[in-house]
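# Summary of structural features
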Amino acid sequence: MDALVDALAAAKAVFVLTGAGISAESGLPTFRGAGGYWESHRAEELASPAGFERDPALVWRWYNMRIRAYAGAKPNAGHVALAQLESLVPAFTLATQNVDSLHAAAGSKNVLELHGHLREARCTKCGATVSLSSGLPEDRIEHGCGGRFRPQVVWFGEALPADVWQRAAGAAGRADVVLVVGTSANVYPAAGLAMQNERAFLAEINPDQTGLSSRCDAFVREDAAAALPLIVQRLAERQLRR
Ligand code: BJW
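Notes on the structure follow. (Residues numbered from 1 in each chain as written. Predicted model: local features only at pLDDT ≥ 70, side-chain atom pairs only at ≥ 80, totals over all residues. Heavy atoms only, no water.)

What follows covers the overall build of the protein chain. Broken down by element type, the protein chain carries nine helices and nine strands. A compact globule built from 242 residues would reach a C-alpha radius of gyration of about 18 Å, and the protein chain, at 18 Å, matches this within 12%. Principal axes of the C-alpha set define a box for the protein chain whose edges measure 60 × 30 × 30 Å. Across the 242 residues of the protein chain, 51% fall into the buried class. Once local pairs closer than 6 in sequence are excluded, the contacts in the protein chain between residues at least 24 apart make up 63%. Looking at the protein chain as shown, the accessible area adds up to about 11,100 Å², and 51% of this sits on carbon and sulfur atoms. (Helix = DSSP H or I, 4+ residues; strand = E, 2+ residues; numbered from the N terminus. Rg over C-alpha atoms; globule rule 2.2 N^0.38 Å. Buried < 20%, exposed > 50% of the residue type's maximum accessible area, 1.4 Å probe, protein only. Contact = heavy atoms within 4.5 Å. Areas by Shrake-Rupley, 256 points an atom, 1.4 Å probe, with all protein chains shown as cover.)

Laid out in structure tokens, this is it:
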């Protein structure tokens, strides 16, 4: 942890990549591993264009269940600490794979949602959007234009939003510190953001090892909600002493 705090104290630009693990302490399941969504659901049935084509009602039941869970979830100490970190470093970009909107709810400003969000649905044909604040009832999946409403997320085989991707890749490339929190780093191209900048100090916060761990300059094997507040507190104390 000391090496990470040292690197953050010296950094002009910080890039953070988060995944489902940062929201675990807000009570939201991850995707992989024990208790994760993919333990009881098949990813290709729920998170792919082909799965949606086959059974849109099944896909919407899953997303409606998640929308209800998100509505009841609050940012945890890890989200809050990242929002504080943004105010402690000269340049800060947070790219998240999560669609739960909890980083913005915690006060983070420069947030890039790599895999979209669940605040709205869009029509597959005309692009019309509707709010998802209380989910999408099954009888509203079909749109009058002949298309179907789908969640505003990125499924397997789909491209990430081009503008979001370019901004994330640019910020990762410019960063002095790349901090990876709560992701298995299995899903590309998002995981590649952590590896594209060989000059940066690379750190991981995750209770488990990932495919990224062997490349890291530092790792903290703890829950994000425990580790991040400590890291940010130490950085703030260091700055006060300057
Ligand atoms: C804690 C904790 C605590 C627990 N504190 N930590 C290169 C090689 C091989 C394959 C590919 C490749 N490039 C592309 C691919 C294909 C594919 C892919 O990556 N497949 C791999 C799985 C093999 N990628 C795609 O298809 C992507 N699109 C693409 O490449 O398009 C190309 C294209 C270009 C141009 C035109 C057309 C196409 C799209 C990927 C979309 C992913 N979508 C999903 C679901 C949709 C959104 C949603 O419903 O939410 O996104 S899948 C799912 O995985 C979700 C997540 O965002 C994503 C990442 O998961 P994440 O966040 O890492 O969660 P977990 O569960 O895996 O890990 C949680 C971690 O937290 C664990 O490590 C725990 O230990 C840790 N943890 N508690 C800290 N308290």
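What follows is about the layout of surface pockets. Considered as a void within the structure, the largest pocket measures approximately 980 Å³ in volume. In this structure, the largest pocket is lined by 49 residues; those nearest its centre are Ala-20, Thr-30, Phe-31, Arg-32 and Ser-184. Elements that contribute at least two residues to the lining of the largest pocket include exactly α2 (37-40) and α5 (56-71). Grouping the amino acids of the lining of the largest pocket by side-chain chemistry returns 25 nonpolar, 16 polar and eight charged. (1 Å grid on protein atoms, 1.4 Å probe; cavity = no way out; pocket = protein on both sides within 12 Å on 5 of 7 lines; lining within 4 Å. Points joined across faces, edges and corners; volume = space filled by probe spheres on them. Nonpolar A, V, L, I, M, F, W, Y, C, P; charged D, E, K, R; others polar.)

This next bit is on the site of the ligand. Taken together, 32 residues form the shell around the ligand, and within it Arg-32, Tyr-63, Arg-66, Thr-183 and Ser-184 come nearest. In the environment of the ligand, an oxygen atom lies 2.8 Å from a nitrogen or oxygen atom belonging to the side chain of His-115. Isolated, the ligand exposes 1,500 Å² of accessible area, and the fraction of that covered by the protein chains is 73%. Per-class residue counts for the shell around the ligand are 15 nonpolar, 11 polar and six charged. (Near = heavy atom within 4 Å. Polar contact = N/O pair within 3.5 Å; in protein donor to acceptor, adjacent residues only side chain to side chain.)

With antiparallel pairing, three strands are arranged side by side in an open sheet as β5-β4-β6. Only two strands of the sheet have a single partner each, and these edge strands are β5 (129-131) and β6 (149-153). Across the sheet, the axes of successive neighbouring strands diverge by a mean angle of 40°, strand direction being ignored. Sheet topology note: the strand β4 (residues 116-123)/β5 ladder contains three bridges and is antiparallel. Directly across from Arg-122, in β5, lies its bridge partner Thr-129. (Pairing = 2+ DSSP bridges. Axes fitted to C-alpha atoms, helices over the stretch in contact; angles between N-to-C directions.)

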